[in-house]
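The primary structure of each chain is shown beneath.
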Amino acid sequence: MFLRASGITVAGLALSAALPSFAGEVEVLHWWTSGGEARSVSELKKTMLQKGDTWKDYAIAGGGGDNAMTALKTRVVSGKAPTAAQIKGPQIQEWGKEGTLANINAVAEAGNWDKVLPPVVADIMKYKGNYVAVPVNIHRVNWLWINPEALKRAGATVPVTMDDFFAAADKLKAAGIQPLAHGGQPWQDATLFESIALGVGGADFYRKAFAQLDPVALAGPTMVRVFEAMQRVKGYIDKGAAGRDWNLATAMVINGKAGMQFTGDWAKGEFTAANKQPGKDYLCVAAPGTGGSFTYNIDSLAMFVQKDKAAQTSQAHLAEAVMSPAFQEAFSLSKGSIPARVDVPMTKFDDCARKSAADLQTSLKANALLPSFAHKMAMSSAAEGAVTDVISQFMNSNMTPQKAAERIAKAARTK
Ligand code: BGC
């Protein structure tokens with residue numbers, strides 16, 4: 001460990017939370033630019049200003065973060081790494097291998113992170129056993145967001161299974177309401193696809209195919225059935241979906257233009273920003289057929305090596321601030337997620353967040369807690385990019401389900 005019994009290492013000292021503060025600047029790269037997301041980032045800015053640091057926003061628009069990751073690479077290559085960047089899952093390991101990430105064990109030990117984070121979260125934040133990233137929250141991806149009024153007008157009921165979903169979508173269509181709100185961007189196609197795959201194939205299939213990259217599961221008959229279901233789902237998406245941002249799709253559900261949307265609970269940040277109440281103005285239910293499962297997407301800020309002392313101190317402040325129970329609560333209340341720390345009470349949270357917290361526990365026990373590959377939690381960036389390309393090509397062409405299954409199996413082998 002970094003903080004050894006025999007003493008504190010030099011880098012450990014620089015990051016130690018116990019040191020007096022030297023106010024400095026923190027520059028944070030993220031892609032939180034929609035209305036609900038921007039409100040959430042302002043919580044972080046506020047917390048840093050309270051600590052006496054200055055905040056430099058490095059926001060790169062584009063849901064799912066692909067644009068942000070491209071910008072980050074250019075920045076780091078030119079020797080100007082930010083203090084921290086929103087980097088997730090296996091990509092933290094990829095950056096760790098480049099030798100660009102800072103060891104923040106001193107802050108982690110002072111804050112008892114190993115005790116207050118679930119192991120599934122803590123493991124992702126470490127490179128070679130050392131903390132290099134801070135978890136911000138936990139998003140659940142396998143949700144279906146519903147406008148109850150639209151469903152009522154169409155005489156449809158809340159879908160629990162995939163068959164229910166198709167029945168509800170048909171009724172909405174017949175009532176002249178767009179059944180599904182969607183944005184035709186590759187990461188949104190992948191987000192929709194992974195929930196359909198889980199609904200059609202179940203947790204074991206999902207794990208084998210997308211976490212273990214098992215070639216048999218990837219190319220087999222279940223995958224063909226998943227693409228067949230996707231083909232049907234395509235029929236419920238409007239022509240205007242091409243290129244549409246996710247928050248504009250959510251707005252269609254908010255204002256009743258569409259009945260449902262498959263997306264993660266960052267959507268709740270938009271409903272909240274629009275003053276809508278869960279259970280009344282909108283419903284959050286598990287994506288059809290995925291009730292016992294939980295696809296997780298953990299937002300985290302990876303810390304980049306800083307040369308000067310003031311920058312290291314501000315970085316330590318940032319790590320400390322993000323992990324503070326008060327920030328974890330405030331951020332998730334506006335973001336739609338749940339805190340990553342296990343000791344933050346859920347008393348101020350709404351029913352959707354409480355359901356998320358409860359379902360996380362249930363799915364953990366049932367071995368149905370699964371990494372979201374569409375949100376960079378399951379695969380290398382190369383494999384994830386190639387798999388997402390196949391899904392988006394399927395969405396935008398007449399590719400057959402059989403062909404798509406063959407191609408996705410090949411894409412998953414991309415190194
Ligand atoms: C991130 C969320 C974000 C969403 C839409 C996801 O990958 O984890 O924090 O709100 O993309 O931009």
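Scope of this entry: the structure provided in the associated data block. (Residues numbered from 1 in each chain as written. Predicted model: local features only at pLDDT ≥ 70, side-chain atom pairs only at ≥ 80, totals over all residues. Heavy atoms only, no water.)

## Overview of the site of the ligand
- Lining the immediate environment of the ligand, one finds 15 residues, of which Glu 37, Lys 88, Asp 299, Lys 335 and His 375 sit closest.
- Between the ligand and Gly 64 there is a distance of 3.5 Å, counted from an oxygen atom to a backbone nitrogen or oxygen.
- Here an oxygen atom of the ligand sits 2.8 Å away from a polar atom, N or O, in the side chain of Lys 88.
- With the chains in place, 100% of the 310 Å² that the ligand exposes on its own is no longer accessible.
- Among the residues making up the shell around the ligand, the classes are represented as 5 nonpolar, 6 polar and 4 charged.
- A domain split of the shell around the ligand shows at least three residues from each of domain 1 (25-136 + 299-348) and domain 2 (140-296 + 355-411). (Near = heavy atom within 4 Å. Polar contact = N/O pair within 3.5 Å; in protein donor to acceptor, adjacent residues only side chain to side chain. Areas by Shrake-Rupley, 256 points an atom, 1.4 Å probe, with all protein chains shown as cover. Nonpolar A, V, L, I, M, F, W, Y, C, P; charged D, E, K, R; others polar. Domains from an automatic or database assignment.)

## Observations regarding the packing of aromatic side chains
- In this structure the tally under the stated criterion is 19 aromatic pairs.
- Seen from their ring centres, Phe 327 and Phe 331 are 5.3 Å apart, and the 40 degrees between their planes marks the pair as tilted. Highlighted residues: Phe 327 and Phe 331, both in helix H16 (residues 325-335), separated by 4 residues, approximately one helical turn. The same class applies to Phe 327 and to Phe 331, which are both buried. (Phe/Tyr/Trp six-rings, centres within 6.5 Å; stacked < 30°, edge-to-face > 60°. Helix = DSSP H or I, 4+ residues; strand = E, 2+ residues; numbered from the N terminus. Buried < 20%, exposed > 50% of the residue type's maximum accessible area, 1.4 Å probe, protein only.)

## A look at the pattern of salt bridges
- Taken as a whole and assessed by the stated rule, the structure comprises 17 salt bridges.
- A salt bridge links Glu 320 to Lys 51; the nearest nitrogen and oxygen atoms lie 2.8 Å apart. Taken together, the residues span a long stretch of sequence, with Glu 320 in helix H15 (residues 309-323) and Lys 51 in the loop between helix H2 (35-50) and strand E4 (54-59) at a distance of 269 residues.
- Since its relative accessible area comes to 24%, Glu 320 is described here as partly exposed. (Salt bridge = Lys/Arg side-chain N within 4 Å of Asp/Glu carboxyl O.)

## Overview of the state of the cysteines
- Counted under the stated rule, the structure contains 1 disulfide.
- In this model Cys 284 forms its disulfide with Cys 352; the gap between the sulfur atoms is 2.1 Å. The chirality of the disulfide connecting Cys 284 with Cys 352 is left-handed, given an S-S dihedral of about -105 degrees. Pair noted here: Cys 284 is in strand E12 (residues 283-286) and Cys 352 is in helix H17 (residues 351-365), with a separation of 68 residues, a long-range link. Of the two residues, Cys 284 and Cys 352, both sit in the buried class. (Disulfide = S-S within 2.5 Å.)

## What to know about the pairing of strand E13 (residues 294-303)
- Within E13, 10 of the 10 residues are buried, which leaves the element mostly enclosed by the surrounding structure.
- The alternating pattern of E13 places Phe 294, Tyr 296, Ile 298, Ser 300 and Ala 302 on one face and Thr 295, Asn 297, Asp 299, Leu 301 and Met 303 on the opposite face, and all of these are buried.
- As paired strands, strand E5 (residues 84-86) and E13 are joined by 3 bridges and run antiparallel to one another. Within the sheet, the bridge partner assigned to Gln 86 lies in E13 and is Leu 301.
- By the bridge criterion, 3 bridges tie E13 to strand E14 (residues 369-371) in an arrangement that is parallel. (Pairing = 2+ DSSP bridges.)

## Quick notes on the side chain of Gln 261
- Note on placement: Gln 261 falls in strand E11 (residues 258-262).
- In this structure Gln 261 comes out as buried when scored by relative accessible area, which is 2%.
- At 2.8 Å, the side chain of Gln 261 forms a polar contact with the side chain of Thr 250.
- Not counting chain neighbours up to four residues away, the residues in contact with Gln 261 comprise Trp 143, Leu 144, Trp 145, Leu 180, Ala 181, Trp 246, Ala 249, Thr 250 and Val 253. (Contact = heavy atoms within 4.5 Å.)

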